[in-house]
Amino acid sequence: GIQVEQSPPDLILQEGANSTLRCNFSDSVNNLQWFHQNPWGQLINLFYIPSGTKQNGRLSATTVATERYSLLYISSSQTTDSGVYFCAVEPGGKLIFGQGTELSVKP
Amino acid sequence: GAVVSQHPSRVICKSGTSVKIECRSLDFQATTMFWYRQFPKQSLMLMATSNEGSKATYEQGVEKDKFLINHASLTLSTLTVTSAHPEDSSFYICSARGIGQEASTDTQYFGPGTRLTVL
């Protein structure tokens, strides 16, 4: 089956710093989503981005489908950005999640 | 928009009992619902997919007689963990995909999760 790899697995930032999270996937997909899981477990949809670039405030994402990777950019990080960031791909009707990047933003 | 709720948020039960978890789409019609489980420090693993009015499709390795899923309406799916044991302790999360002003059919919307502890 399709493999989804995220890097780095862990990241510690000082408040105000920028970061880039990466998601590689092993096969063509119809759908790619980025999620933020907050410390209470809630998954929040960040982006639906099977290709191209999108921006939402301090967050932006780029997917290069032909090269099978996606990047999530976080600028001017805040402590509320802490949590786990997952990418998930959908090769056919169901989401396959990566292992996540655990982000900790220190004040 | 596109809100999914789960109830209860946390449950503790004795070994051998059954536990029911409800998942509701509040402002859209959920044509498909998904159930995941997540162990500490791990990713989400899909357990089953259900379409309204149909039997659920279970992923390989998931016991359908242990994890009973019912998707009786376009806004409600339930997961019943039968004869729960300590190894069933986990974080169970549902998601929904559907139609409505607040929802996109391309996206899964996730509930807040239910933390099950079996003693």
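Look up: the structure comes first, before these words.
Everything numeric in this text was worked out from a predicted model, so none of it was measured.

S.K.: Mind showing me how you'd approach the side chain of Ser 43 of chain B here?
M.R.: Here Ser 43 of chain B shows up in the loop between strand E4 (29-38) and strand E5 (45-51). At 2.6 Å, the side chain of Ser 43 of chain B and the backbone oxygen of Gly 98 of chain A are in polar contact. If sequence neighbours within four positions are ignored, Ser 43 of chain B has contacts with Phe 86, Phe 97, Gly 98 and Gln 99 of chain A together with Arg 37 and Gln 38 of chain B.

S.K.: Explain the interface of chain B and chain A here, please?
M.R.: Interface size is commonly expressed as the accessible surface area that is lost when the partners come together. Counting residues at the interface gives 19 residues for chain B and 19 residues for chain A. Sorting the residues of chain B by area buried against chain A places Ser 43, Asp 106 and Phe 110 of chain B first, and these three jointly supply 31% of that buried surface. Our count for the chain B to chain A interface comes out at three salt bridges. Taken together, the connections running from chain B to chain A amount to eight residue pairs in polar contact (both at pLDDT 80 or more). Across the side of chain B that touches chain A, the residue classes break down as nine nonpolar, six polar and four charged.

S.K.: Looking at this structure, I do not really get the sheet that holds strand E7 (residues 67-73) of chain B. What am I missing?
M.R.: Strands pair in a sheet through their backbones, by hydrogen bonds, and they do so in one of two ways: parallel or antiparallel. Residue and element names in this part refer to chain B. Read from one edge to the other, the open sheet built from four strands follows the order E1-E3-E8-E7, with strand pairing classed as antiparallel. Since the sheet does not close on itself, it has two edges, and those belong to strand E1 (4-7) and E7, each with one partner. If you compare each strand with its neighbour and ignore which way they point, the axes differ by 15° on average. One ladder, built from four bridges, connects E1 with strand E3 (residues 19-25); its direction is antiparallel.

Conventions we followed
Residues numbered from 1 in each chain as written. Chains lettered and ligands numbered in written order. Predicted model: local features only at pLDDT ≥ 70, side-chain atom pairs only at ≥ 80, totals over all residues. Heavy atoms only, no water. Helix = DSSP H or I, 4+ residues; strand = E, 2+ residues; numbered from the N terminus. Polar contact = N/O pair within 3.5 Å; in protein donor to acceptor, adjacent residues only side chain to side chain. Contact = heavy atoms within 4.5 Å. Buried area = accessible area lost by both parts, 1.4 Å probe. Salt bridge = Lys/Arg side-chain N within 4 Å of Asp/Glu carboxyl O. Nonpolar A, V, L, I, M, F, W, Y, C, P; charged D, E, K, R; others polar. Pairing = 2+ DSSP bridges. Axes fitted to C-alpha atoms, helices over the stretch in contact; angles between N-to-C directions.

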